[in-house]
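# Per-entry structural report
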Amino acid sequence: SEEPPLPPKGGELVVSPKRVRKSKPAEVEPEERAIAMRVLERVGSRTGIAYQGSDPHVRLITRHLRNGITERQLRGIAAYVWGELGWSEKPDFHKHFRPETLFGPEKLFTYLDGTNAWLAREHPEEKARPPPEPAVVIDLFRRHETQESA
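Here the structure is a predicted model, which means the values were calculated and not measured. (Residues numbered from 1 in each chain as written. Predicted model: local features only at pLDDT ≥ 70, side-chain atom pairs only at ≥ 80, totals over all residues. Heavy atoms only, no water.)

## Quick look at helix α3 (residues 71-84)
What sets the pattern is the α-helix's 3.6 residues per turn: residues three or four places apart point alike. The end-to-end C-alpha distance of α3 is 19 Å, a good match for the 20 Å that 14 residues give at a rise of 1.5 Å each. Burial analysis of α3 places 10 of its 14 residues in the buried class, which makes it a mostly covered element. Residues of α3 that are buried include every one of Glu71, Gln73, Leu74, Gly76, Ile77, Ala78, Ala79, Tyr80, Val81 and Trp82, and no others. On its buried face, α3 is in contact with α1 (30-47), α2 (55-66), α4 (91-94), α5 (99-103) and α6 (108-122). (Helix = DSSP H or I, 4+ residues; strand = E, 2+ residues; numbered from the N terminus. Expected span 1.5 Å × (residues − 1). Buried < 20%, exposed > 50% of the residue type's maximum accessible area, 1.4 Å probe, protein only. Contact = heavy atoms within 4.5 Å.)

## Some remarks on the pattern of salt bridges
As enumerated under the stated definition, the model contains eight salt bridges in all. With a closest N to O distance of 2.7 Å, Glu71 and Arg38 form a salt bridge. Highlighted residues: Glu71 in helix α3 and Arg38 in helix α1, separated in sequence by 33 residues. Measuring nitrogen to oxygen at the nearest pair gives 3.5 Å for the salt bridge that ties Arg98 to Glu100. One salt-bridge network, in which partners are shared between bridges, spans Glu31, Arg38, Glu71 and Arg75. (Salt bridge = Lys/Arg side-chain N within 4 Å of Asp/Glu carboxyl O.)

## A short note on α1
Between the first and last C-alpha of α1 there are 26 Å, a value that for 18 residues agrees with the 26 Å anticipated at 1.5 Å per step. Burial in α1 covers these residues: Glu32, Ile35, Ala36, Val39, Leu40, Val43 and Gly44. Tucked inside the fold, the buried residues of α1 contact α2, α3 and α5. Two residues or fewer past α1, Gly48 is found with a positive phi of approximately 85°.

## Let's talk about the packing of aromatic side chains
Following the criterion strictly, the structure yields five aromatic pairs and no others. Here a set of aromatic residues connected by ring pairs shows up, and it is made of Trp82, Trp87, Phe93, Phe97 and Tyr111. (Phe/Tyr/Trp six-rings, centres within 6.5 Å; stacked < 30°, edge-to-face > 60°.)

## A closer look at the packing of α1 against α3
If you want to describe how two helices pack, look at the angle between their axes and the distance between the axes. Look at α1 against α3: their axes get within 9 Å of each other, and the N-to-C directions meet at 10°. One way to sum up the angle between α1 and α3 is to call them roughly parallel. From α1, Ile35, Arg38, Val39, Arg42, Val43, Arg46 and Thr47 reach across to α3, where they touch Glu71, Leu74, Arg75, Ala78, Ala79 and Trp82. (Axes fitted to C-alpha atoms, helices over the stretch in contact; angles between N-to-C directions. Parallel < 35°, antiparallel > 145°, perpendicular 65-115°, else oblique.)

## Examining the packing of α1 against α2
Across the interface, α1 lies against α2 with an axial gap of 9 Å and an inter-helix angle of 110°. By the angle between their directions, the pair α1 and α2 is classed as roughly perpendicular. In this structure, α1 contributes Glu32, Arg33, Ile35, Ala36, Val39 and Leu40 to the contact, and α2 contributes Asp55, His57, Val58, Ile61, Thr62, Leu65 and Arg66. The residue inventory of the contact of α1 with α2, partitioned by class, reads seven nonpolar, two polar and four charged. (Nonpolar A, V, L, I, M, F, W, Y, C, P; charged D, E, K, R; others polar.)

## Concerning the side chain of Thr62
Along the chain, the position of Thr62 falls in helix α2. Only 2.8 Å separates the side chain of Thr62 from the backbone oxygen of Val58, close enough to count as a polar contact. (Polar contact = N/O pair within 3.5 Å; in protein donor to acceptor, adjacent residues only side chain to side chain.)

## A few points about the side chain of Glu71
Taking the relative accessible area as the measure of exposure, Glu71 reaches 17% and is therefore buried. Residue contacts for Glu71: discarding those within four places in its chain leaves Ile35, Arg38, Val39 and Leu65.

## Things to note about the nonpolar core
Ranked by size, the top nonpolar core spans 27 residues in total, and within it Ile61, Leu74, Ile77, Val81, Phe97, Leu102 and Phe103 carry the most contacts. Elements with a minimum of two residues in this core: α1, α2, α3, α5 and α6. It is α3 that contributes the most residues to this core, seven residues altogether. Not counting the four nearest positions on each side in its chain, Ile61 is found in contact with Ala36, Val39, Leu40, Leu74 and Phe103. (Core = buried A, V, L, I, M, F, W, Y, C linked by side-chain atoms within 4.5 Å.)

Right, dumping it as structure tokens:
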């Protein structure tokens, strides 16, 4: 029996009886791009690199956001690896302190557990902050009540 092909990087594997093709990655939403830029700024602030938000970097971060990793965790990884793991003290490591290394599919979870413990210990107040209010609130239940009582 033939083994299935490995999925390509950047999208999901779409299998049809006739051929195997790579699906087009979903469009990045403006809020996802804004979060990605804040994460990239955090990474670049350590090494002096001004990341411009290239599509590969933004998609890499967005993929994690869509899988439930928070902005706080992603930014925390940069702070944890740079400070707590001592990369700032190791000039040979500076060239590896980049989005592909920190947030790559094989590496992210290497740093995530340590980051979560570090954030809980060093920045517990951030966890208690409520999420920001949505810009628009639609109360469908109230509208429904109003229509029934009329």
